Structures are given as C-alpha cells and as structure tokens.
Amino acid sequence: MYENISTMRKNKAFCLIFAFICITTVWSQEWRLGITAGYENTGAKWFQEGVKKELRNISGFNVGPIVAYDFIDYFSIQSGLYFAMNGFETSDHSILWNKYDLVTNEKTILYYLQLPVFAMGKLPIGQVTLLLEAGPILSYGVASHTSTQIRIGNQTETYNSSDAFNESLYPFNCSIHLGAGAEILGARLIVGYNFGVFDIGRDTKNNNDMKTSGFVVSAAYLF
C-alpha cells in the first residue's frame, strides 16, 4: 500500500514537472521580447476658425522595449513602452497664444511615453517574413520645450518655455498607426504613418483643432 502511495506521489511530481516544462516551452515559443528604435517625422495639423496654420515637422525618435505574442503562424499582437520625441515649428504664429504676439519663429519639442497596441499580419516567404501592422498608439506627454523668437522693433529676442502641456496642449494623445515591413532572423524594419485622432490643443475659444501626424521608420530585434 505504502509503495503504491509512494509511486503515485512520484507520478504526480513527474506529471507536474512535465507540465511545467511544456508550459514553459509553449510560452517561450509564443512570446518574444525585443527592443526597437525609430526615426519620427511627426508634427501636427493645426486649424483655427477653419483656417490652416502652417506647421513644419521636425525630426524626432522613439526607443523602447517591445513584446510580441505569436500565437498563430500568420498573426501576432505586439505592444511595448516607447520613449518618443517629436514636435513642430511655426512662423508668425504661437501655440502659446496667451503669451506672445509678433512671433517670427517658434519651435516646440514634445517628449512622450507611448503604449502601442498593434495587430500584425505575417506572410513567410523563405527566411523573410513580410509584415503588415496596424493599431493605436496611446501617448502621454512628460516634458516639452518651446523656443519662441519675438521681433521687437529691429531686435529679435528669444524666450524659452517648458509649459506647453500645462498651458496650450493636452498631455494625452492618441494616433492610429499603419505600417509595413519585413523580418529576417528576428531583425525587423518597418515603415509607417501615424494618423492623429485626438485634438491636443487646449484653446477652445478660437475653434482650435490640432492633431499630430507624420511618418516613422523603425528597426527592431526580437529574441
């Protein structure tokens, strides 16, 4: 009797160890961790009273860890946490509308923490896998820097501010990302475009509408 109980305990222990190995193996096959870095040329489209204000995109970047859930062969879900910098330049206008007139040039740099959630289609062709991804990017502004040049008579003075998210822009932002690229041996290259869907401007008196947009090129490696 005692031998049977001992045998049953050994069998249970063996089954638990085997199940743990199987779960770990499946988890490691389905989940992949990696890192990504990208070039952003994402600025903003700005309208006041239906009139478009000229904004020029500036070069920026994003970087951070990513995780991909490859639960079937031709489809996966990818997320991560990015630190991103983007922004825009303008002439003769100011996003800090309560402060400045006679603006000659203004450059605003925005820093965000971003949470992307992408659905990704995959098409293997030999060692290369073609990729198509789409999904939202939720962003929260953590810092900003605005440099504004003001013409006073024949002189131009420069003023700096770090209050864009407190005074003129909402820190929350949301955009829809579309991208395409390829992967080989864990290395990925994606070219995409981000479409802004949230009005980040705080100015409601002038029928303000400001949405970010622009293209991005990112390189990633998944282990």
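Figured I'd write up the structure that's included with this text. (Residues numbered from 1 in each chain as written. Predicted model: local features only at pLDDT ≥ 70, side-chain atom pairs only at ≥ 80, totals over all residues. Heavy atoms only, no water.)

### Topic: the overall build of the protein
1) Next: When helices and strands are tallied, the protein shows 2 helices and 12 strands.
2) Next: Going through the 223 residues of the protein one by one, you find that 40% of them count as buried.
3) Next: At a minimum sequence separation of 6, the contacts of the protein that also span at least 24 residues come to 65%.
4) Next: Accessible surface, the protein as shown: approximately 12700 Å² in total, 63% of it carbon and sulfur. (Helix = DSSP H or I, 4+ residues; strand = E, 2+ residues; numbered from the N terminus. Buried < 20%, exposed > 50% of the residue type's maximum accessible area, 1.4 Å probe, protein only. Contact = heavy atoms within 4.5 Å. Areas by Shrake-Rupley, 256 points an atom, 1.4 Å probe, with all protein chains shown as cover.)

### Re the packing of aromatic side chains
What characterises a pair of aromatic rings is the spacing of the ring centres plus the angle enclosed by the ring planes.
1) Next: Under the counting rule described, the total for this entry stands at 9 aromatic pairs.
2) Next: Ring geometry for Y39 versus F215: centroids 6.1 Å apart, planes at 50°, classification tilted. Here Y39 is found in strand β1 (residues 31-48), whereas its partner F215 is found in strand β12 (residues 208-222), with 176 residues between them in sequence. (Phe/Tyr/Trp six-rings, centres within 6.5 Å; stacked < 30°, edge-to-face > 60°.)

### Regarding unusual backbone geometry
1) Next: Positive phi, close to 55°, is recorded for L185, a residue that is not glycine.
2) Next: Residue placement: L185 occurs in the loop between β10 (172-184) and β11 (187-196).
3) Next: Using a relative accessible area of 67% as the deciding quantity, one classes L185 as exposed.

### Topic: the side chain of S139
1) Next: Relative to the helices and strands, S139 is located in strand β8 (residues 128-152).
2) Next: Beyond its immediate chain neighbours, meaning those up to four positions away, S139 contacts Y112, L113, Q114, P171, F172 and N173.

### A word on the environment of Y82
1) Next: Among the structural elements, Y82 can be located in strand β6 (residues 82-90).
2) Next: Along the backbone, Y82 and V63 are 19 residues apart, and their C-alpha atoms lie at a distance of 5.3 Å.
3) Next: Residues within four places of Y82 in sequence aside, it is in contact with T36, N62, V63, G64, P65, I66, Y112, L113, Q114, P116 and F118.

### Concerning the pattern of salt bridges
1) Next: For the structure shown, the criterion picks out 5 salt bridges.
2) Next: Here R188 makes a salt bridge to E183, at a shortest N to O gap of 2.6 Å.
3) Next: Of the residues examined, E183 reaches a relative accessible area of 9% and is grouped as buried.
4) Next: Among the charged side chains, a salt-bridge network with shared partners connects R32, D70, K122, E183 and R188. (Salt bridge = Lys/Arg side-chain N within 4 Å of Asp/Glu carboxyl O.)

### Side note on the pairing of strand β5 (residues 75-80)
1) Next: Both strand β4 (residues 60-72) and β5 contribute to a ladder of 5 bridges, which runs antiparallel. Residue pairing in the sheet places I72 in a bridge with F75 of β5.
2) Next: Counted between consecutive antiparallel strands, the loop separating β4 from β5 contains 2 residues. (Pairing = 2+ DSSP bridges.)

### Thoughts on the pairing of β1
1) Next: As defined by bridge partners, β1 adjoins β4 across 10 bridges and the pair is classed as antiparallel. If you follow A37 over to β4, its bridge partner there is V63.
2) Next: Across 15 bridges, β1 lies against β12 in antiparallel orientation. Along β12, the bridge assignment pairs A37 with A219.

### Comments concerning the nonpolar core
1) Next: Listed in full, the 11 residues of the largest apolar core are A44, W46, L55, F88, L110, Y112, A164, F165, L169, I200 and M210.
2) Next: Sorting the residues of this core by element identifies β1, β7 (103-125) and α2 (164-167) as the ones contributing at least two each.
3) Next: Membership of the second largest hydrophobic core comes to 7 residues, among which are A68, Y82, F118 and A220. (Core = buried A, V, L, I, M, F, W, Y, C linked by side-chain atoms within 4.5 Å.)

### Some points on the environment of P124
1) Next: Mapped onto the fold, P124 is located in strand β7.
2) Next: Note on P124: relative accessible area 41%, which makes it partly exposed.
3) Next: In this structure, the C-alpha to C-alpha distance between P124 and Y74, residues 50 residues apart in sequence, is 8.0 Å.
4) Next: Apart from the residues within four sequence positions on either side, P124 is in contact with Y74 and T129.

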